[in-house]
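Inside the fold
Residue-level listing of the chains:
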Amino acid sequence: MNIILLGPPGAGKGTQAQRLVEHRGMRQLSTGDMLRAAVKAGTPVGLEAKAVMERGELVSDEIVSKLIDAELTAMGADAGAIFDGYPRTEAQAHALDALLAQHGRSLDYVIELEVNEDALVERITGRFTCANCGEGYHDVFKQPAVEATCDKCGSREFKRRLDDNEDTVRTRMGEYRAKTAPILPVYEARGIVRRVDGMADIGTVTDAIEAILAA
Ligand code: ADP
Ligand code: ADP
Ligand code: ZN
């Protein structure tokens, strides 16, 4: 099974991908996570991507497609892939088709998380993650069960992203509308797009996605 989770920043792609990884043993391929790791490690890719990400613009198609290629090569053929935050442009969508063919995979579904844009700023500005295991949280919508302690690993250290501020979110939403939303018709023509109400509770969204994958 190979699926794309598509939706604007804050739609819940990462949250849902983490749950599918737990429930189904699939692998999450998040270009955002890969790029943040590269920035942290100070690799050439990271050095090139850092300022672009801080502005909320898109990193080059070549860079992200190479990152995806490397992950697909590293993960082997048997695990399913969840593409989270990739592809984001038409060029990336074409690159993904070629990469999937090279790796003997094919795309099962593109799941679009439909969300009200006004909700996204609140989602993004309240977002934080466990610094140890990466579990995602929210100040209002998904607080740890025990205050300031990660549900999954017990760590008491959390972090927030530099780009999760209102200004950058507006730029990122603009990028989504201009460059990412236009790739949907290509997948619609193949009959693989499924829509999910991303405004529902986290668990309800997961159930809707699970129902699609089980069909
Ligand atoms: P994306 O990966 O699409 O940018 P995230 O999964 O990181 O989005 O979600 C953004 C923020 O919104 C996180 O803090 C997350 O906990 C929260 N969130 C995710 N899904 C929901 C939901 N269905 N309802 C309320 N909050 C949510
Ligand atoms: P979100 O889901 O909140 O939009 P991501 O973690 O997916 O955030 O991406 C963070 C930033 O990393 C983006 O704003 C962009 O600068 C860069 N990025 C991530 N994935 C891609 C991609 N596929 N193409 C170009 N830039 C990307
Ligand atoms: Zn943790």
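First, a word on scope: everything that follows refers to the structure included in this document. Bear in mind that the values here come from a model prediction, so they are computed numbers and not experimental data. (Residues numbered from 1 in each chain as written. Chains lettered and ligands numbered in written order. Predicted model: local features only at pLDDT ≥ 70, side-chain atom pairs only at ≥ 80, totals over all residues. Heavy atoms only, no water.)

The next subject is the overall build of the chain. The helix and strand inventory of the chain stands at nine helices and eight strands. Taking 17 Å as the expected radius of gyration for a compact globule of 215 residues, we find that the chain reaches 17 Å, a close match to that expectation. Each of the 215 residues in the chain was classed as buried or not, and the buried ones make up 46%. For the chain, long-range pairs separated by at least 24 residues make up 69% of all intrachain contacts whose partners lie at least 6 apart in sequence. Put simply, the chain shows about 10600 Å² of open surface, and 50% of that area lies on carbon and sulfur atoms. Measuring between centres, the 26 positive side-chain charges of the chain sit 2 Å from its 34 negative side-chain charges. (Helix = DSSP H or I, 4+ residues; strand = E, 2+ residues; numbered from the N terminus. Rg over C-alpha atoms; globule rule 2.2 N^0.38 Å. Buried < 20%, exposed > 50% of the residue type's maximum accessible area, 1.4 Å probe, protein only. Contact = heavy atoms within 4.5 Å. Areas by Shrake-Rupley, 256 points an atom, 1.4 Å probe, with all protein chains shown as cover. Lys, Arg positive; Asp, Glu negative; His and termini not counted. Charge placed at Lys NZ, Arg CZ, Asp CG, Glu CD.)

With that settled, consider the coordination of the zinc ion (ligand 3). For the zinc ion (ligand 3), every protein donor is listed as Cys130 (SG), Cys133 (SG), Cys150 (SG) and Cys153 (SG), and the spread of their distances is 2.3 Å. Geometry at the zinc ion (ligand 3) is tetrahedral, judged from the four donor atoms that bind it and their angles of 101 to 115° at the metal. (Donors = N, O, S within 2.8 Å, 3.2 Å for Na, K, Ca; no water. Tetrahedral: all angles 85-135°; square planar, octahedral: opposite > 155°, others 65-115°.)

Moving on, we get to the sheet that holds strand β8 (residues 193–197). Taking strand neighbours across the sheet as the criterion, the five strands line up as β2-β3-β1-β4-β8 in an open arrangement whose pairing is parallel. The open sheet has two free edges, formed respectively by β2 (27–30) and β8, since each of these has just one partner strand. Strand-to-strand twist across the sheet, computed as the mean angle between neighbouring axes with direction ignored, equals 25°. Pairing of strand β1 (residues 2–6) with strand β3 (residues 81–84), which is carried by four bridges, proceeds in the parallel orientation. Each residue of the ladder has a partner; that of Leu5, found in β3, is Asp84. Together, β1, β4 (109–114) and β8 form the strand contacts of helix α9 (residues 202–214), whose direction differs from that of β4 by roughly 160°. (Pairing = 2+ DSSP bridges. Axes fitted to C-alpha atoms, helices over the stretch in contact; angles between N-to-C directions.)

With the rule as written, the count across this model stands at three aromatic pairs. Between the aromatic rings of Tyr137 and Phe158, the centroid separation amounts to 5.7 Å while the plane-to-plane angle is 85°, which identifies the pairing as edge-to-face. Of this pair, Tyr137 sits in strand β6 (residues 136–138) while Phe158 is found in strand β7 (residues 158–159), placing the two residues 21 residues apart along the sequence. Owing to a relative accessible area of 25%, Phe158 belongs among the partly exposed residues under this scheme. (Phe/Tyr/Trp six-rings, centres within 6.5 Å; stacked < 30°, edge-to-face > 60°.)

Close to ligand 1 lie 17 residues, the nearest being Lys13, Thr15, Arg127, Tyr137 and Ala200. At 2.8 Å from an oxygen atom of ligand 1 is found a main-chain nitrogen or oxygen belonging to Gly14. Within the side chain of Arg127, a nitrogen or oxygen atom sits 2.6 Å from an oxygen atom of ligand 1. Compared with its free state, where it exposes 560 Å², ligand 1 has 91% of that area covered by protein. Here the shell around ligand 1 takes three residues from helix α1 (residues 13–24), the largest share from any one element. Broken down by class, the residue content of the shell around ligand 1 amounts to seven nonpolar, six polar and four charged. (Near = heavy atom within 4 Å. Polar contact = N/O pair within 3.5 Å; in protein donor to acceptor, adjacent residues only side chain to side chain. Nonpolar A, V, L, I, M, F, W, Y, C, P; charged D, E, K, R; others polar.)

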